[in-house]
Structure formats: structure tokens, C-alpha cells
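# Commentary on secondary and tertiary structure
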Amino acid sequence: MDKPIGPQVSRRDLIKLGGMAVAAGAAGTSWSLLDAPNAEAQAPKRGGTFRMRFHLAPVHFDPQVTVAFTTMLPLSFTHSRLVKVKAGSAVKPGTQPLEPDLAESWIQPNDTTYVFKLRKGVRWHNKPPVNGRELTADDVKYSFERFMLPANPNRGLLEQVDKIEVVDKYTIKFTLKEPFAWFLDAVASTSTWIVAKEAVDQHGDLKRPESCVGTGPFMLERYEPNLRLTYVRNPNYFVPGLPHVDGVDVAIETDPASAFAGWLSGRYDFGPEYGMVVRRSDLPAAKQRKPGLQTQDYVVVFGGITWVHVDQEPFKDLRVRRAIAIATNWKEVLETNAWSQGHGVPNPAIPAAFKDWSIPIDQLPPEGKRLYDFDPKESKRLLTEAGLAGGLKTTVESTAGYGPDFIDGVQVTLGSWKKGGIDAELKLKEYGAFISSTIFGKFDKMGTGLFGAWTDPDSYLYRYFIPGQPLNAQGINDPKLTEMIKLQRRTFNVAKRREIIYDIQRHVSQHVWGLYGPSVSAVAAWEPYVKNFAPNIGHDYGGRLMVAWLDR
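Going along each chain's sequence as written, the residues are numbered from 1 onward. Given that the model is predicted, a residue must reach a pLDDT of at least 70 before its local features are reported, and side-chain atom pairs must reach 80 or more before they are shown or counted; all residues, however, enter totals for whole chains, interfaces and linings. Where side-chain values are given, they derive from all heavy atoms of the structure, hydrogens and water being excluded.

### Comments concerning the overall build of the protein
Our working definition: Under the scheme used here, helices are H or I runs from DSSP no shorter than 4 residues and strands are E runs no shorter than 2 residues, and both carry numbers assigned from the N terminus. Only the C-alpha atoms count toward the radius of gyration. The rule for a globule is 2.2 Å times the residue count to the power 0.38. Each residue gets one of three labels from its accessible area relative to the maximum for its type: buried under 20%, exposed over 50%, partly exposed in between, using a 1.4 Å probe on protein chains only. Every residue pair with non-hydrogen atoms within 4.5 Å of one another is taken to be in contact. Using the Shrake-Rupley algorithm and a 1.4 Å probe, accessible areas are obtained, with residue cover drawn only from the displayed protein chains. When charges are counted, Lys and Arg contribute as positive and Asp and Glu as negative, whereas His and the chain ends are disregarded. For this purpose, a charge sits on NZ of Lys, CZ of Arg, CG of Asp or CD of Glu.
Scanning the protein for helices and strands turns up 17 helices and 21 strands. For a compact globule of 552 residues, the expected C-alpha radius of gyration is about 24 Å, and the protein comes in at 23 Å, within 12% of that figure. Its C-alpha atoms give the protein principal-axis dimensions of roughly 70 × 60 × 45 Å. Here the protein, with 552 residues, has 63% of them falling under the buried criterion. Taking as baseline every contact in the protein between residues at least 6 positions apart, the subset at least 24 positions apart corresponds to 70%. Of the accessible surface of the protein, which amounts to about 20200 Å², a share of 51% is contributed by carbon and sulfur atoms. Here the protein holds 67 positive side-chain charges and 61 negative ones, and the gap between their average locations is 1 Å.

Structure, rendered in C-alpha cells:
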């Protein structure tokens, strides 16, 4: 019997949906994207323009040929998904409650079939080459089939999809190769944007700003390369009354000091760092200059990650990998970081921001817990035992594109490694080159960057550890680990899946298949006149801002 996923959600339905909070309506049910009982009491106001800062320019505008957050984030204003993460002041940072986007409802007839009913009357932006025509199931089929082409490094997110069928103009059916408990979470990813075939046909790809035509709440009016993105309200957006503001003005400003000064002077409505964050080191000055400033602490999903070639000497030796981990002083990284000033948490294989899925460090096996105790003497002992009595001399590739605070953290780590007998020479790449090479394993000895791009915990396992996945940069091929990862994907029972995922993280720590830095506990900040806003993990800026409004 078909199971409608709607207001009366059974325990089995919740299991089917991966244990996430669900706000999807059964056919014919109307859902507001503004949670009225929990939203701010005053009525939303129309008009005005949000002003904010990005610290990096988009690498381009095609979400299906890159993993770059600098592409996904700008598209969150202009494009839509079948399902999205709910936004608004009632949503707690770090949680990922799902709600309809282009799909008004869906059913799951069995463990491998999902049928989505699309909203009627959704129109593409009234811009060439699509010119405001209605979105149909053919657009959804085209978008997902293009998503799964080999050129897309994100395609592993939906490798379980076997077949996509257009049932009728407003109905699309997905048949999976095997049960996939994270399917709806994957479909809600900020890489699964529905794109226009006409734009691809006209431009050959979607990299140019003029190809940025979606069905989202805002339209890209102008892109000034490396300077500014200007968005205007989509007057034909499919949710009546949204967005509340007339536009969003995004300045691309690479210097954090200049950005902070601009925020203090009233240039921006939100904290100037990624995620609407203000550095803790700048917080006292901000509060002094901005009475009534709204703030919220939350653990960011991203943290440092270091890659090594585990199939090559000397890194194939477990003792060497343990030495690197034990020589990493994650507490010093947090203490010296301007964002955190000591506030933050260590990360196992799944970022600590996912409180329901990230294993507490004290529940790791003894050899796993030991990795988080900075001990340079033990690092040197392990290196000597591995035949490196003179220490390890290596190179490590990274990028300055994540900003100076990230590089400061890298330098702290290099310093702690040196105390442990690891002499690593830092080699910097331009951000675009880094994300097209290093993160895919195209580095000499070691690479270091940030992990934390996804809002589904499964991606931190499947993408990083399954053989053949583009982001398995270390060349890991562990049959036991592979089977455990595939098993948790097939497990709909949330409690059982969590225990499997905990076991996976224990296994990863024992073999040191991952070298993880901490995640900071950051402070998001926004002006007192910004209403119905809350920060969250992930790149969906547009989703958060379309339900917010200005009261001034």
C-alpha cells in the first residue's frame, strides 16, 4: 500500500525518511514555509534589500560540474530543489527539518520507489532563454539525469538512482537500485538544483552568469566579477508572499578586516564571515557599536581535514598516520582561531555538528581516543618505530582561498607537527585549482583543507571512503568499511543505523583513515531589524533569507 508522507507521519514513515523532521504534505495539503506558531509575532513586512558579504567569488554557476560551495551558495537564491531544509527563527542550528520545495507531496510505495507530485504553476524566471515557461516533470528528469553524468563530482550522492520516469506533467518517479535511507536528505542537498535545459542548450553549460535561470525566490540581476552579485525578488515565485524583501546585494570582499569595518559602519546586515558569523575576537567591538545585535552560538559543520596517500609509503604505515594525528594539537587550533578563541569541538569521521550521528570522542576505542591527545613525544616514538627515526619530511598542499583564519590554523598545525617530528613544507594553490585537483587526490605527499560541505551525514562516509568515489582522495579500499557504509545506507531503522554509523567511526579511528581538525563554535550575528532569521549549517543562504524580513 502506498504511504503518503504527510501531517500524520507514522513511526515507520519517519524511519523511511532517515529520521529527519519532516514537513511534507500529502497530496492537496498546503504548507506554509513560514512556521506561523513559532515565527515572530509581528506580521512580516515587505520591501527593502538585504546586504551581505561573500569572501570568495563563484568559480562559475554550473552546480553539476563542481563541488565548490562558492557555486552552490549563490544558486541558493535563484534555484529550487524537490525538497528543502526548513528555515526561519524557529529552526535550531544544526537540525535539518525537511519540507516541500518544488514537490508539494510525495509517497514511498516501497523501499526503492519515491513518487513526487510537483506544484502546479511553478514558472521559470522570466528571462531568456526560458522566458517564464512552466516547470514540468521533464525538467526534473533532465536535471537529475544531468546531475548523474560522469562530469559531476557530486554524482555519488545519488548513485543509488536506477531510473527516473515522468509519470505525467506534474509527477516524477524515482526507482532506486537498492534501499537508500538518506534519499530525501540527498534530494534536499544544495547541489541538487533543478536547472533549465534551454540554458544548457544555449550556452553549452551553466558556467556563465547569464545561464543562471531558475525557479527560486530571487533572480540574478547582475554579476560584477569579483565585486558583486545583485539579486532581485522573483515576482512570480511559487510561494505567495515570498520572498519578503525586494532583493539581496552581495559584496565580494576578500579582506576580513575590511569586511568587518564595513559591517561596523552599516554596510552589511549580517556578520561578515561565512555563515553570517562574526569572529569572537571582534565580538566585543561589534556589540559596543551595535546595540541590540542579535547573536547565536552554533557549531559549524566544517572543520579541517588532512589527506595522505594511504597506499603509498610512508603513509601506508598505520604508525605514521597515528603519529600525524597525535602530533595535531586541535585545542591550540581552537585557542588561536579568531572565530573560536577556544570554543569548539573535535571531529570524528562525521562532523560534531551532527549531534545525532557524530560519535562522542569518549565512545571511540582506546586507540581512537588516543588520537585526540596531543603528544609530540609519542609521535616521534611512532615515527621511529616506523623506520623514520630522523622524522618525516614532507610537503602539504592547501589554499589561501578559505581565508586568513584558515591559513592561521594551518600554520598552527604545521608548528605542532614539527614538535612531533613532522617537517611539512606548505605549498599553496589558487582556490579554483585546489578544488579541481587536491581534494580529488591530485597532490604529491599530503593535502589539507576543509571538510563539511554537506548536510547529510552519509556523504562524509560514502564520498570519502568508498573505492572509486571522486572524493576518496586518500585511495582508501577497506572492504569491511565499505560493507558497513553500504549497510547503514540500507538501514531505515534510525537507532540501528546510528549504531552502525558509530561503529564505522570507531573503525575509521582505529585505522586512522581520516585526519580531522576541530570545528569551531561560531557566533552568528544579525542586526535587530532583521526578523525571522536563524543561522544554520549548509549553503542555503537564499532559503534562510527568503522567509526573513526587514523591520526598519
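### Side note on the pairing of strand β17 (residues 446-451)
Threshold: A pair of strands is considered paired only if DSSP assigns at least 2 bridges between the two.
By the criterion of burial, β17 is predominantly enclosed, with 5 of the 6 residues buried. Taken together, the 6 bridges between strand β13 (residues 303-308) and β17 define a ladder with antiparallel strand orientation. When the sheet's bridge partners are listed, T306 is paired in β17 with T448. Where strand β15 (residues 392-399) and β17 come together, 2 bridges link them in parallel fashion. Note that in β17 the partner of E397 across the bridge is G447.

### Digging into unusual backbone geometry
The linkage connecting L242 with the following residue, P243, adopts the cis geometry, with an omega of -5°. Looking at where P243 falls in the secondary structure, it is placed in the loop between β9 (228-233) and β10 (247-252). A positive phi angle, close to 65°, is found at M276, a residue other than glycine. Positionally, M276 belongs in the loop between α6 (256-264) and β11 (277-278). Of the residues examined, M276 reaches a relative accessible area of 1% and is grouped as buried.

### Here we look at the environment of L481
Within the secondary structure layout, L481 lies in helix α15 (residues 479-490). Judged by relative accessible area, which is 0%, L481 ranks as buried. Separated by 50 residues in the primary sequence, L481 and K531 place their C-alpha atoms 45 Å from one another.

### Digging into the nonpolar core
Heads up, the condition is: We define a nonpolar core as any set of buried Ala, Val, Leu, Ile, Met, Phe, Trp, Tyr and Cys residues linked to one another through side-chain atoms lying within 4.5 Å.
M52, F77, L82, F116, F174, F183 and F465 are the most contacted members of the largest nonpolar core, which totals 160 residues. Here this core gets 6 residues from one element, more than from any other, and that element is helix α16 (residues 494-511). Once residues within four sequence positions are removed from consideration, F77 is found in contact with M52, F54, G216, P217, F218, Y231, V248, Y541, G542 and L545.

### Structural notes on the pattern of salt bridges
In a structure, side chains of opposite charge can pair up when their charged atoms sit close to one another. Formally: In what follows, salt bridge is the name for a side-chain nitrogen of Lys or Arg lying within 4 Å of a carboxyl oxygen of Asp or Glu.
Throughout the structure, instances matching the rule amount to 32 salt bridges. D249 serves as the salt-bridge partner of R228, at 2.8 Å between the closest nitrogen and oxygen. Here D249 lies in strand β10 and R228 lies in strand β9, a separation of 21 residues in the sequence. Classification of R228 by relative accessible area gives partly exposed; the value is 28%. For D249, a relative accessible area of 21% translates into the label partly exposed.

### Points about the environment of I305
With respect to the helices, strands and loops of the structure, I305 is situated in strand β13. Sequence separation of I305 and A349 is 44 residues, and the distance between their C-alpha atoms is 9.9 Å. Excluding its chain neighbours within four sequence positions, the residues that come into contact with I305 are G447, T448, G449, L450, F451, Y464, L515, Y516 and G517.

### Details of the sheet that holds β10
We apply this condition: Note on geometry: axes are C-alpha line fits, over the in-contact stretch for helices, and angles between N-to-C directions span 0 to 180 degrees.
The strand order across the open sheet formed by 4 strands is β1-β10-β9-β8, and the pairing between neighbours is mixed. A strand with exactly one partner marks an edge of an open sheet, and here the two such strands are β1 (49-54) and β8 (218-224). Along the sheet, successive strands turn relative to each other by an average axial angle of 15°, direction set aside. The sheet contact formed by β1 and β10 spans 6 bridges and is parallel. Paired with M52 across the two strands is V250, which belongs to β10.

### Looking at the sheet that holds strand β5 (residues 113-118)
Taken together, the 4 strands give an open sheet; going across it, the order is β4-β5-β7-β6, and neighbouring strands pair in antiparallel fashion. Strand pairing shows two members of the sheet lacking a second neighbour, β4 (103-110) and β6 (161-168), which therefore form its edges. Strand-to-strand twist in this sheet, taken as the mean axis angle between neighbours without regard to direction, amounts to 20°. Here 5 bridges tie β4 to β5, and the two strands are oriented antiparallel to one another. Residue pairing for β5: A103 is matched across the bridge by L118. This element, helix α3 (residues 137-147), spans β5, β6 and β7 (171-176) of the sheet and lies at about 165° to β6.

### A look at the packing of aromatic side chains
To keep things clear, this is the line we draw: Stacked, tilted and edge-to-face are the three classes assigned to paired rings of Phe, Tyr and Trp, where Trp is represented by its six-membered ring and a pair needs centres within 6.5 Å; plane angles under 30 degrees give stacked, over 60 edge-to-face, the rest tilted.
Taken as a whole, this structure holds 30 aromatic pairs when the rule is applied. Arranged with centres 5.7 Å apart and planes meeting at 55°, the rings of F354 and Y460 form a pair that is tilted. Of the two residues, F354 is situated in the loop between β14 (344-345) and α10 (366-369) and Y460 in helix α14 (residues 459-465); the sequence distance between them amounts to 106 residues. Residue classification places Y460 among the buried positions, given a relative accessible area of 0%. Centre to centre, the rings of F451 and Y460 are 6.0 Å apart; their planes meet at 85°, and the pair counts as edge-to-face. Both residues of the pair, F451 and Y460, belong to the buried class.

### Comments concerning the confidence of the model for the protein
Note the threshold: Each residue carries a pLDDT score, the predictor's confidence in it, ranging from 0 to 100.
When pLDDT is averaged along the protein, the result is 92; 93% of the residues meet or exceed 70. Ignoring residues within four places in sequence, the model shows residues 1-40, a span with pLDDT below 50, making 106 contacts including any to other chains.

### As for α3
Residues spaced three or four apart along an α-helix face the same direction, because each turn holds 3.6 residues. Burial within α3 is extensive, with 8 of its 11 residues counted as buried. Buried residues of α3: A137, D139, V140, Y142, S143, F144, R146 and F147, and no others. The inward-facing, buried residues of α3 contact β5, β6, β7, α4 (183-187) and α5 (197-203).

### Comments concerning the packing of helix α8 (residues 318-326) against helix α11 (residues 376-385)
Pairs of packed helices are described in terms of their axes, by the angle between the two and the distance that separates them. Threshold: Oblique is the label for every angle not falling under 35 degrees (roughly parallel), over 145 degrees (roughly antiparallel), or within 65 to 115 degrees (roughly perpendicular). By the definition used in this description, the sense in which the near helix is turned from the far one sets the handedness, with an anticlockwise turn below a right angle giving left-handed and a clockwise turn giving right-handed. Only Asp, Glu, Lys and Arg are considered charged in this grouping, and only Ala, Val, Leu, Ile, Met, Phe, Trp, Tyr, Cys and Pro are considered nonpolar; every other residue, Gly among them, is considered polar.
Where α8 contacts α11, the two axes come as close as 8 Å, and the packing angle between them is 165°. On the basis of their axis angle, the class for α8 and α11 is roughly antiparallel. Viewed along their axes, α8 and α11 form a crossing whose handedness is left-handed. Residues R319, V320, R322, A323 and I326 of α8 pack against E378, S379, L382, L383 and E385 of α11. Of the residues in the contact of α8 with α11, the class split is 5 nonpolar, 1 polar and 4 charged.

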